[in-house]
Amino acid sequence: MKINRRLLTLIGATIISSLSFGAIKVAYVAGGCFWCTEADMEKVPGVLEVISGYSGGKIANPTYKQVSAGNTGHLESIKIKYDDEKISYSQLLNKFFRVIDITDGEGQFIDRGYQYSPAVFYISSEEKKIALKELEKTKVEGKLNKIAVKLISFNTFYNAEDYHQDYYKKNPIRYNYYRNRSGRNQYLEKIWSTKK
């Protein structure tokens, strides 16, 4: 079902969340610090919204403090709403794999531990196949030696606390300081600067 986007803006987010859209899809991924992955993926054409949160664990409604302590089984994750008429799931994952380190399964950059490890939470066997294909493609294109991204069947996603949402916009100085010190930018520049 196609709906006029301007009309959606007028209706409001509460009602929108209960509607079913034909072209609006959702992907769930993890790539370390969700401030960074949210910021990167919100810049991708075709992405409508990115929400920071937690996925993969067994504890309901976890807090940031619980997840960051590493005892919940959850990963810092993001929920990506995208328009599949503008960007496919395959293209979305290709963009995502270029803003994380697919070779590091022990965390991402300065953030260490299972809770910061990379993952794709697939909803169907088709998504799992696409993820495997895109990971292999990224490995070859980046001339990387291995793949350490977990493929996990999606169960539940819990939104992170409000202060984490759009952190890069609300706290640009603190965000940029963290990001520049994390090693993320330096790694991505080294791997992808000559391979665009």
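Starting afresh in each chain, residues are numbered from 1 along the sequence in its written order. Under the rules for a predicted model, residues below a pLDDT of 70 receive no local features and side-chain atom pairs below 80 are neither given nor counted, while totals for whole chains, interfaces and linings still include all residues. Values shown for side chains rest on all heavy atoms present in the structure; no hydrogens or waters enter the calculation.

### Section: the nonpolar core
Working step 1: Grouped together as the largest cluster of nonpolar side chains are 41 residues, with contacts concentrated most on Met41, Ile78, Ile80, Leu92, Phe96, Phe97 and Val120.
Working step 2: Whether two residues touch is decided by their heavy atoms; if any such pair falls within 4.5 Å, the residues are in contact. The contact partners of Leu92, leaving out residues within four places of it in the chain, are Ala27, Met41, Val47, Ile80, Tyr82 and Ile87.
Working step 3: Core analysis: the second largest hydrophobic core is formed by 7 residues, Tyr28, Leu75, Ala119 and Phe121 among them. Nine residue types can take part in a nonpolar core, namely buried Ala, Val, Leu, Ile, Met, Phe, Trp, Tyr and Cys, and a core is a set of them joined through side-chain atoms within 4.5 Å. Three labels apply to residues, based on accessible area from a 1.4 Å probe with only protein chains included: buried if under 20% of the type maximum, exposed if over 50%, partly exposed otherwise in between.

### Side note on the pattern of salt bridges
Charged atoms that come close allow side chains of opposite charge to pair.
Working step 1: Basic side-chain nitrogens of Lys or Arg form a salt bridge, by our definition, when they fall within 4 Å of a carboxyl oxygen of Asp or Glu. Summed over the entire model, instances satisfying the criterion amount to 7 salt bridges.
Working step 2: A salt bridge links Arg179 to Asp40; the shortest N-O distance between them is 3.1 Å. Taken together, the residues span a long stretch of sequence, with Arg179 in helix α8 (residues 172-182) and Asp40 in helix α3 (residues 34-42) at a distance of 139 residues. Like Arg179, the residue Asp40 is buried in the burial classification.
Working step 3: Two residues, Glu49 and Lys81, come together in a salt bridge whose shortest N-O distance is 3.4 Å. Linking Glu49 in strand β2 (residues 47-55) with Lys81 in strand β3 (residues 75-83), this pair joins segments that are 32 residues apart in sequence.
Working step 4: Classification of Glu49 by relative accessible area gives partly exposed; the value is 35%. Per the convention used, a helix needs a DSSP run of H or I reaching at least four residues, while a strand needs a run of E reaching at least two, with both numbered from the N terminus.

### Considerations on the side chain of Thr72
Working step 1: Structurally, Thr72 can be placed in the loop between α4 (64-69) and β3.
Working step 2: Note on Thr72: relative accessible area 8%, which makes it buried.
Working step 3: What qualifies as a polar contact is a pair of N or O atoms within 3.5 Å, subject to a donor-acceptor requirement within protein and to the restriction that residues adjacent in sequence count only when both atoms come from side chains. Reaching out from Thr72, the side chain makes a polar contact with the backbone nitrogen of His74 at a distance of 3.1 Å.
Working step 4: Each residue touching Thr72, except ones within four places of it in the same chain, is listed here: Gly57, Lys58, Ile59, Gln66 and Val67.

### Focus on the sheet that holds β3
Paired through backbone hydrogen bonds, the strands of a sheet run either parallel or antiparallel to each other.
Working step 1: When DSSP finds at least two bridges between two strands, those strands are taken to pair. Spatial ordering of the open sheet is given by β7-β6-β1-β3-β2-β8, a layout of 6 strands whose pairing is mixed. On the outer flanks of this sheet lie β7 (150-153) and β8 (157-159), each paired with one strand and no other. Here the strands of the sheet are splayed against their neighbours by 35° on average, with no regard to which way each runs.
Working step 2: Here strand β1 (residues 24-30) runs beside β3; their pairing, made up of 6 bridges, is antiparallel. Residue Ala27 lies in a different strand from β3, and its bridge partner there is Ile80.
Working step 3: For helices, the fitted axis covers only the stretch in contact; all axes are lines through C-alpha atoms, and the angles between them, taken along N-to-C directions, range from 0 to 180 degrees. Running at roughly 165° to β2, α3 makes contact with β2 and β3 of the sheet.

### Things to note about the packing of helix α5 (residues 89-97) against helix α6 (residues 125-142)
Working step 1: α6 packs onto α5 with a crossing angle of 45° between their chain directions and a minimal axis gap of 9 Å. Classified by the interaxial angle, the pair formed by α5 and α6 is oblique. In the packing of α5 onto α6, the handedness of the crossing is right-handed. Where α5 approaches α6, its residues Tyr89, Ser90, Leu93, Asn94 and Phe97 are matched on the opposing element by Glu127, Ile130, Ala131, Glu134, Leu135, Lys137, Thr138 and Glu141.
Working step 2: Here the term charged refers only to Asp, Glu, Lys and Arg, the term nonpolar to Ala, Val, Leu, Ile, Met, Phe, Trp, Tyr, Cys and Pro, and the term polar to all other amino acids, Gly among them. A per-class count over the contact of α5 with α6 returns 6 nonpolar, 3 polar and 4 charged. Under this scheme an angle from 65 to 115 degrees is roughly perpendicular, one under 35 degrees roughly parallel, and one over 145 degrees roughly antiparallel; angles in between are oblique. If you view the pair so one helix is near and one far, a crossing is left-handed when the near helix is turned anticlockwise from the far one by less than a right angle, and right-handed when it is turned clockwise.

### Let's talk about α6
Working step 1: A helix's residues, less one, multiplied by 1.5 Å, set its expected span. Between the first and last C-alpha of α6 there are 26 Å, a value that for 18 residues agrees with the 26 Å anticipated at 1.5 Å per step.
Working step 2: Within α6 the residues assigned to the buried category are Glu127, Ala131, Glu134, Leu135, Thr138 and Gly142. Seen from one end, α6 has its buried residues packed into an arc of 105°, which puts them on one side. For α6, the exposed residues set more than 90 degrees away from the buried face come down to Ser125, Lys129, Lys133 and Val140.
Working step 3: Packed against the buried residues of α6 are β1, α5, β6 (119-122), β7 and α9 (184-192).
Working step 4: Downstream of α6 by one or two residues, Lys143 has phi in the positive range, about 55°. By construction, the arc corresponds to the directions joining the helix axis to the C-beta atoms.

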